[in-house]
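# Remarks on the overall topology
Letter by letter, the chains look like this.
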Amino acid sequence: MVAVLLLLTGAAATGCGGRATTHHKPGTTHEQASGDVGTLLDTQDGGGHRLREVPAQGAPEVRLTARPDSEDGWNLQLAVTNFRFTPDSTGGAALPGAGHAHLELDGHKLARVYGPWFHLPAAQVPEGAHTLTVRLYADDHTAWAVAGKPVEATAQLTAGPPGQESHSHTAPAPTGTPAPASPQAPRADRTVTLTVRDGKVSPPPTRTELKRGERIALRVTSDRADTLHVHGYDKELALPAGQEATLVLTADRTGLFEVETHESGLVLTQLLVR
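Definitions and limits used
Residues numbered from 1 in each chain as written. Predicted model: local features only at pLDDT ≥ 70, side-chain atom pairs only at ≥ 80, totals over all residues. Heavy atoms only, no water. Pairing = 2+ DSSP bridges. Helix = DSSP H or I, 4+ residues; strand = E, 2+ residues; numbered from the N terminus. Axes fitted to C-alpha atoms, helices over the stretch in contact; angles between N-to-C directions. Phe/Tyr/Trp six-rings, centres within 6.5 Å; stacked < 30°, edge-to-face > 60°. Buried < 20%, exposed > 50% of the residue type's maximum accessible area, 1.4 Å probe, protein only. Lys NZ or Arg CZ within 6 Å of the ring centre and 35° of its normal. Contact = heavy atoms within 4.5 Å. 1 Å grid on protein atoms, 1.4 Å probe; cavity = no way out; pocket = protein on both sides within 12 Å on 5 of 7 lines; lining within 4 Å. Points joined across faces, edges and corners; volume = space filled by probe spheres on them. Nonpolar A, V, L, I, M, F, W, Y, C, P; charged D, E, K, R; others polar. Core = buried A, V, L, I, M, F, W, Y, C linked by side-chain atoms within 4.5 Å. pLDDT = per-residue confidence, 0-100.

Turning our attention to the sheet that holds strand 20 (residues 255-261). With respect to topology, 5 strands assemble into an open sheet ordered 15-21-20-17-18, the strand pairing being mixed. Of all the strands in the sheet, the pair left with one neighbour each is strand 15 (207-210) and strand 18 (235-239). Going across the sheet, the axis of each strand differs from the next one's by a mean of 15°, ignoring polarity. Looking at chain direction, strand 17 (residues 226-230) and strand 18 are connected through 5 bridges and run antiparallel.

Structure, rendered in structure tokens:
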């Protein structure tokens, strides 16, 4: 009897398989925390991620809508069913109906998406007709699949020549005055220029103070491909390696918001909106 009690006590202390169970998320089972969801297939998607197949009933679903933004590019909406975005647990175990999405342009990955809205700048889309694809992934980066096919959605969009479309019409400037900014680069009240090289941010991260309603342009050049993310605004921007990319947003929410890179996990700056 004593031996049995000792065995039970030891099992409770160490959890399943002799390991502490603190890695379990609240409300999840050991099976869920271990990523034992669906069937892991040998088949891979175009990015080399294995498919994780689940039954059609109750499986994640996604629909993609692309709407032209009044200032620049397009606003993409990911309408999901049986799925929730879990940016805080990316890289963890595959949990049912949870994870993130990848955005592709003509089969080439642009960014990870961690919420239902994503702003796609016009500068990231070459002139011509294109196919956008969003695909749902589990936290362990396997692709959710049904009947051997990834759970994804597509949308078509057409980009005109740079500067063809403008968001407002202005009268010609008087002779001798500076030319207005190109319509390719939406005007901003503040511009922050940052460089990421060898895992370091220049200038070093600091706070950028803004008044509510002001527009800020974040101009970032990274030496490696990455994704910029503005927390609290659900704004993201693909950062091509060695090329400057610009995200313009209106600070219409008050608070302190971090701007970081997803792949390298670097904090670029903090936006303090009053």
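From this point, the narrative continues.
Summed over the entire model, instances satisfying the criterion amount to 2 aromatic pairs. An angle of 90° between the planes, with centres 5.3 Å apart, marks the rings of Phe83 and Phe85 as edge-to-face. Just as Phe83 is buried, Phe85 falls in that class too. Seen in terms of ring centroids, Tyr233 and Phe257 are 4.9 Å apart; in terms of plane orientation they differ by 70°. Their pairing is edge-to-face. In this pair, Tyr233 is assigned in the loop between strand 17 and strand 18 and Phe257 in strand 20, connecting sequence segments 24 residues apart. No difference in accessibility class separates Tyr233 from Phe257, as the two residues are buried. Its end group placed over the ring of Tyr233, Arg253 keeps NZ or CZ at 5.4 Å from the ring centre.

Among the 8 residues of strand 16 (residues 215-222), 6 are classified as buried, and the element is accordingly described as predominantly covered. Note: strand 13 (residues 190-197) against strand 16, 7 bridges, orientation parallel. If you follow Thr193 over to strand 16, its bridge partner there is Arg219. Pairing of strand 16 with strand 19 (residues 244-250), which is carried by 7 bridges, proceeds in the antiparallel orientation. When the sheet's bridge partners are listed, Ala217 is paired in strand 19 with Val248.

Residue position: Thr269 is located in strand 21 (residues 267-273). Along the chain, Thr269 and Pro205 lie 64 residues apart, while their C-alpha atoms are 4.7 Å from each other. Excluding anything up to four places from it in sequence, Thr269 contacts Leu194, Thr206, Arg207, Thr208, Phe257, Glu258 and Val259.

This part covers empty space enclosed by the protein. All chains considered together, the criterion is met by 1 cavity of 30 Å³ or more. Here the largest cavity defines a volume of roughly 30 Å³. Looking at the lining of the largest cavity, its residues break down into 2 nonpolar, 2 polar and 3 charged.

Judged from the 8 bridges that link them, strand 3 (residues 61-68) and strand 4 (residues 74-81) form a sheet pairing that is antiparallel. The partner of Arg63 across the bridge, within strand 4, is Ala79. The hairpin turn running from strand 3 into strand 4, its antiparallel successor, is 5 residues long, and Gly73 in that turn takes a positive phi close to 70°.

Attention now moves to the sheet that holds strand 16. Pairing in this open sheet of 4 strands is mixed, and the strands run 14-13-16-19 from one edge to the other. Each edge of the sheet is formed by a strand with only one pairing partner; in this case those strands are strand 14 (200-202) and strand 19. With strand direction ignored, the average angle separating the axes of adjacent strands in the sheet is 25°.

This brings us to the nonpolar core. Core analysis: the biggest nonpolar cluster contains 30 residues, and Leu64, Leu76, Leu78, Leu103, Leu120, Leu132 and Trp144 have the highest contact counts within it. Listing elements by their share of this core, those giving two or more residues are strand 3, strand 4, strand 6 (98-105), strand 7 (108-113), strand 8 (117-120), strand 9 (128-137) and strand 12 (152-159).

For the protein chain, per-residue confidence averages 79 on the pLDDT scale, and 78% of positions sit at 70 or higher. In the predicted structure, residues 1-34 sits below a pLDDT of 50 and forms 25 contacts with residues beyond four places in sequence or in another chain. Residue range residues 164-185 is modelled with pLDDT below 50. Its contacts to residues more than four positions away, or to other chains, number 11 contacts.

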